[in-house]
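Architecture at a glance
Residues per chain, in single letters:
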Amino acid sequence: MATGRAGAERQAQLEYSEFQAAMLDEEKRRRKAAKIVAVLGHFLGRDTDVLKGLTVADIGCSAGFIADELAEAGAARTFGVDIDVPGLRKAAARFGERVEFVCADGTALPFPDGSIDVLVFNHIYEHVVDPDAIMAEMRRVLSDEGVLYLGLGNRLGVMEPHYRLPFLSYLPPALADRYVRLSGRADSYYERYRTRRGLRKMVRGLRVWDYTFPVLATPAAFAGSELFPGAVGRAAEAVLSRLPRAVLRALLPVVPTYLWVATKSTRRPAGARLPQPPDPVVPL
């Protein structure tokens, strides 16, 4: 998913699924979707049929695996939105009977004001030309009591997740381009991450709850084992579930991925109490 307004340094990443094989990894995408649905379920206080009766849109849906899982979670109507035409064709061929796929720019979403109950924007912002414009559009179409799920990579995460190169996201664009070329992974580095402070600015105008540590500390509750699988995940769960809150907050600037739920209203997480409960995030 990318916007159509190309800046001087960045262009829309059309046909993204054609050069990022991870977007077509069905098993991995469905694991991510299970985590998303579980986080939404906890926030909404729903254990089953998490999205029953709701209108849902996956912004940056690519090949549609996450959108399909959102429909499976009971959504009354599910949309998948992207400019990745090959990905949308694959998605419509497989899931078009229960998901409506739309080729649209994220800065001009084809929905009326306040018409979407649940929006998913999962690891998309770093790929787009103008994430702030897309955030403004998502605020526009989100209903007054609606919920926005945000999966957000952190610029200060040591290992860049797309190219698996340490400190790649730390570098200025010209050096990052040289780094990926020297590694043989790509010709250019299009992604642009923000720090936690930058992300807090991006969600200005919303009320935000941080589910990062709840998911890491209780992965079984959130289908979150894909973050830190195997023995590493079990060790992380044991440590994180017992760490004092002050220590966890001190770690936040360097956590590689944030999982946030945002609303336009004053609603709060309605799910069961957790060893590490969701924390409010203060937008800047």
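Look above for the structure.
Description of the structure in this document. Every chain is numbered independently, its residues counted from 1 as its sequence is written. Local features in a predicted model are, by the rule used here, given only for residues with pLDDT of at least 70; side-chain atom pairs are given and counted only at 80 or more, and totals for whole chains, interfaces and linings are based on all residues. Remark: hydrogens and water are excluded; side-chain values derive from all non-hydrogen atoms of the structure.

Glancing now at the overall build of the chain. A count of helices and strands for the chain gives 11 helices and eight strands. The buried label applies to any residue whose accessible area, calculated with a 1.4 Å probe on protein chains only, is under 20% of its type's maximum; exposed applies above 50%, and partly exposed to all values in between. The burial tally for the chain puts 51% of its 284 residues in the buried class. Any pair of residues with heavy atoms lying within 4.5 Å of one another is described as a contacting pair. Counting contacts in the chain only where the partners sit at least 6 residues apart, residues at least 24 apart contribute 72% of the total. Taken as a whole, the chain presents about 12700 Å² of accessible surface, with 54% of it coming from carbon and sulfur. By definition, any uninterrupted DSSP run of H or I lasting at least four residues is a helix, any uninterrupted run of E lasting at least two residues is a strand, and each is numbered from the N terminus. In short, Shrake-Rupley with a 1.4 Å probe defines the accessible areas, and a residue's cover is counted only from the protein chains shown.

What follows concerns the pairing of strand β4 (residues 116-122). Of all seven residues in β4, six are buried, a share of seventy percent or more. Whether two strands pair comes down to DSSP finding at least two bridges between them. Pairing geometry for strand β1 (residues 55-59) and β4, over three bridges, is parallel. The residue bridging Val56 from the neighbouring strand is Val118, located in β4. Where β4 lies against strand β5 (residues 142-153), six bridges are found, and the strand directions are parallel. Each bridged residue has a counterpart across the sheet, and for Asn122 the counterpart in β5 is Gly151. For the handedness criterion, the β-α-β arrangement of β4, helix α5 (residues 131-141) and β5 is classed as right-handed. When the strands point away from the viewer and the path from the first strand over the helix to the second turns clockwise, the crossover is right-handed.

Inspection of the secondary structure assignment puts Tyr258 in strand β7 (residues 257-263). Along the sequence, Tyr258 and Asp210 sit 48 residues apart, while their C-alpha atoms lie 7.3 Å from each other. When sequence neighbours within four positions are dropped, the list of residues in contact with Tyr258 reads Leu150, Gly151, Leu152, Asn154, Arg196, Leu199, Thr212, Leu252 and Pro253. For this analysis, a polar contact is any N or O atom pair within 3.5 Å, provided that within protein one partner can donate a hydrogen and the other can accept it, and provided that sequence-adjacent residues contribute only side-chain to side-chain pairs. For Tyr258, the side chain forms a polar contact with the side chain of Asn154, separated by 3.1 Å. Polar contacts involving the side chain of Tyr258 include one to the main-chain carbonyl oxygen of Leu252, which spans 2.4 Å.

So, about the sheet that holds β7. Read across the open sheet, the eight strands follow the order β3-β2-β1-β4-β5-β7-β6-β8; overall the sheet is mixed. Because the sheet does not close on itself, it has two edges, and the strands there are β3 (100-103) and β8 (279-281). With strand direction ignored, the average angle separating the axes of adjacent strands in the sheet is 25°. Bridging between strand β2 (residues 77-82) and β3 involves four bridges; their strand directions are parallel. A fitted line through C-alpha atoms represents every axis, and for helices the fit uses only the stretch in contact; the resulting angles, taken between N-to-C directions, go from 0 to 180 degrees.

With that settled, consider helix α2 (residues 26-44). Helix span, expected: 1.5 Å multiplied by one less than the number of residues in the helix. Across its 19 residues, α2 extends 26 Å between first and last C-alpha, which sits within 8% of the 27 Å expected from 1.5 Å per residue. Of the residues flanking the end of α2, it is Gly45, one or two places downstream, whose phi is positive at about 75°.

So, on to the environment of Ala221. Following the sequence through the fold, Ala221 ends up in helix α9 (residues 219-222). Taking the C-alpha atoms as reference points, Ala221 and Leu274, separated by 53 residues in sequence, lie 9.3 Å from one another.

Here the focus is a nonpolar patch on the surface. Distance thresholds for patches are 9 Å for like charges and 5 Å for nonpolar side chains (Val, Leu, Ile, Met, Phe, Trp, Tyr), applied to residues having over 30% relative accessible area and no salt bridge. The working definition used for a salt bridge is a side-chain nitrogen of Lys or Arg within 4 Å of a carboxyl oxygen of Asp or Glu. A cluster of nonpolar side chains, namely Val158, Phe167 and Tyr170, defines an oily patch on the protein surface of about 260 Å² accessible area. Locating Tyr170 in the fold gives a position in the loop between β5 and α6 (173-183).

On to the side chain of Thr55, then. If you trace the backbone, Thr55 turns up in strand β1. Residue Thr55 is classed as buried on the basis of its relative accessible area of 18%. Excluding residues within four positions of it along the chain, Thr55 makes contact with Arg77, Phe79, Ser115, Ile116, Asp117 and Val118.

Another point: the pattern of salt bridges. All told, the structure shown has 14 salt bridges when counted by the stated rule. Note that Arg31 and Glu27 form a salt bridge whose closest N and O atoms lie 3.4 Å from each other. Of this pair, Arg31 and Glu27 both sit in helix α2, separated by four residues, roughly a single helical turn. Judged by its relative accessible area of 59%, Glu27 is exposed.

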